[in-house]
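Fold and geometry: a report
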Amino acid sequence: MNPNANLCLTILSDFERMRNRVVECPNKSLALINIQSLSVVYPGGHRALEGITLEIRRGELTVLLGRSGAGKSTLLRCLNLLQKPTTGTIYVDGVGSLTSLDRLRGYRRQAGMVFQLHHLIGRQSALQNVLVGRLAYHSTIRSLFPLPKADLTVAMECLERVGLADKALKRADQLSGGERQRVGIARALAQRPRIILADEPVASLDPATAESIMELLSRISREDRLTVVFSLHQIELACRYGERIIGLSNGTIVFDGLPDELTSDPLERIYNGTATEECLAAAYLN
Ligand code: ADP
Ligand code: MG
């Protein structure tokens with residue numbers, strides 16, 4: 001064989017090996033995301049997360065449970081690098097270690113984020129808000145012009161999925177709280193994500209609406225076998241909808257198990273001895 005061709009082949013196979021090494025999760029099993037020894041110290045010295053080692057498994061609906069200040073939002077923000085860890089590593093299967101900016105851009109498209117307060121543009125229609133989820137697929141310049149028809153179709157499909165096709169042209173600020181959160185979910189779905197990260201998605205909703213949003217997220221996760229991670233402080237909802245519960249307290253994991261295993265001892269650890277009678281009763285109702 002031509003020596004140059006041979007050299008090319010060697011370089012290519014080295015590159016392939018290198019790429020595989022980077023992309024591989026330390027434990028390949030079912031892990032989509034593998035987090036090792038993660039810590040976050042905020043400017044000013046507050047240690048929000050400490051020694052978090054965790055696997056997020058493919059297709060699983062995981063709930064981060066903990067009281068206010070436990071580190072739930074910080075951990076979720078680390079999962080799409082809106083927050084940079086102070087130490088530790090995050091590997092995403094098929095992407096690699098979330099360090100280089102290029103990789104990060106590609107990964108962010110795969111991670112749809114649903115926020116507590118929806119983060120919608122009030123003056124724009126539900127449809128326009130959902131189309132924002134498609135922007136990651138276009139260059140900055142392209143996104144200044146009307147998006148292709150195919151994006152409109154995706155956005156409409158997503159609105160239909162969350163039961164809001166008939167409100168597509170309604171302004172976001174004229175929708176109810178529950179409807180706005182549905183638009184937030186549709187926008188995340190429009191990204192065609194591999195994982196949905198939701199930070200207290202039902203915190204500002206009344207109990208019946210909260211229930212319907214949980215139902216929707218759980219159905220989408222089941223139907224699409226989508227990996228979903230969300231934070232909650234309501235034990236009862238966590239036990240009812242979570243397939244796995246991770247309890248956080250003071251920035252560390254104090255419980256990682258099935259809803260059925262969340263008995264009074266782990267609850268006391270999660271709530272630092274401040275779990276109310278109702279909290280415990282809710283857990284025992286499962
Ligand atoms: P949770 O979502 O469970 O309520 P957070 O992750 O928001 O917890 O916060 C964890 C801890 O980090 C809290 O003590 C909070 O006050 C602190 N914290 C969060 N964000 C910042 C920030 N940007 N700067 C400084 N401290 C922060
Ligand atoms: Mg929070």
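Preceding block: the structure.
A short tour of the structure in this document, coming up.

Calculation criteria
Residues numbered from 1 in each chain as written. Chains lettered and ligands numbered in written order. Predicted model: local features only at pLDDT ≥ 70, side-chain atom pairs only at ≥ 80, totals over all residues. Helix = DSSP H or I, 4+ residues; strand = E, 2+ residues; numbered from the N terminus. Buried ≥ 20, exposed ≤ 12 C-beta atoms within 10 Å, placed from the backbone. Contact = placed C-beta atoms within 7 Å. Expected span 1.5 Å × (residues − 1). Arc of directions from axis to C-beta. Pairing = 2+ DSSP bridges. Near = placed C-beta within 6 Å. Nonpolar A, V, L, I, M, F, W, Y, C, P; charged D, E, K, R; others polar. Core = buried A, V, L, I, M, F, W, Y, C linked by C-beta atoms within 7 Å.

On a plain count of helices and strands, the chain comes out with 10 helices and 10 strands. Across the 286 residues in the chain, those meeting the buried criterion constitute 38%. Residue pairs in contact within the chain that sit at least 24 positions apart in sequence constitute 66% of those at least 6 positions apart.

The next thing to look at is the environment of Ser 68. Positionally, Ser 68 belongs in the loop between β3 (61-65) and α2 (72-79). Of the residues examined, Ser 68 has 8 C-beta atoms within 10 Å and is grouped as exposed. Distance from Ser 68 to His 233, taken between C-alpha atoms, is 7.7 Å for residues 165 residues apart in sequence.

Its 13 residues place the ends of helix α5 (residues 149-161) 18 Å apart at the C-alpha level, agreeing with the 18 Å of an ideal helix rising 1.5 Å per residue. Turning to α5, its buried residues number three or more, namely Val 154, Ala 155, Cys 158 and Leu 159. Angular distribution of buried residues about the axis of α5 spans 135°; they occupy a single face of the element. Relative to its buried face, α5 has exposed residues pointing more than 90 degrees away, namely Lys 149, Ala 150 and Thr 153. Buried residues belonging to α5 abut α4 (126-131) and α6 (177-190). Among the residues trailing α5, Gly 163 stands out with phi positive, at a value near 80°.

This part takes up the sheet that holds strand β1 (residues 31-41). Read from one edge of the open sheet, four strands run β2-β1-β4-β5, paired in antiparallel fashion. Among the strands making up the open sheet, the edge pair consists of β2 (47-57) and β5 (96-97). In this structure, strand β4 (residues 87-92) lies alongside β5, joined through two bridges in antiparallel fashion. Looking across to β5, one finds that Val 92 is bridged to Gly 96.

Neighbouring ligand 1 are the residues Tyr 42, Gly 44, His 46, Ala 48, Gly 66, Ser 68, Gly 69, Ala 70, Gly 71, Lys 72, Ser 73 and Thr 74. Ranked by the residues each element gives to the shell around ligand 1, the list is headed by α2, at three residues. Split by residue class, the shell around ligand 1 holds three nonpolar, eight polar and one charged.

Right, let's get into the pairing of β2. When β1 meets β2, the two strands line up antiparallel, connected through seven bridges. Paired with Val 41 across the two strands is Arg 47, which belongs to β2. Linkage of β1 to β2, two consecutive antiparallel strands, is achieved through a turn of five residues, within which Gly 44 is found at a positive phi near 105°.

Right, let's get into the nonpolar core. Core analysis: the largest hydrophobic core is formed by 73 residues, its most contacted members being Leu 65, Val 130, Cys 158, Leu 159, Ala 186, Leu 197 and Val 229. Counting residues per element, this core draws most heavily on α6, at six residues. Sequence-distant contacts of Val 229, defined by excluding residues within four places in its chain, comprise Ile 56, Thr 62, Leu 64, Leu 76, Leu 79, Ile 195 and Leu 197.

Now for the environment of Ala 208. Mapped onto the elements of the fold, Ala 208 is located in helix α7 (residues 207-224). Classification of Ala 208 as exposed rests on a count of 8 C-beta atoms within 10 Å. Residues Ala 208 and Gly 178 lie 30 residues apart in sequence; the distance between their C-alpha atoms is 9.6 Å.

These values are about where atoms sit, not about what they do.
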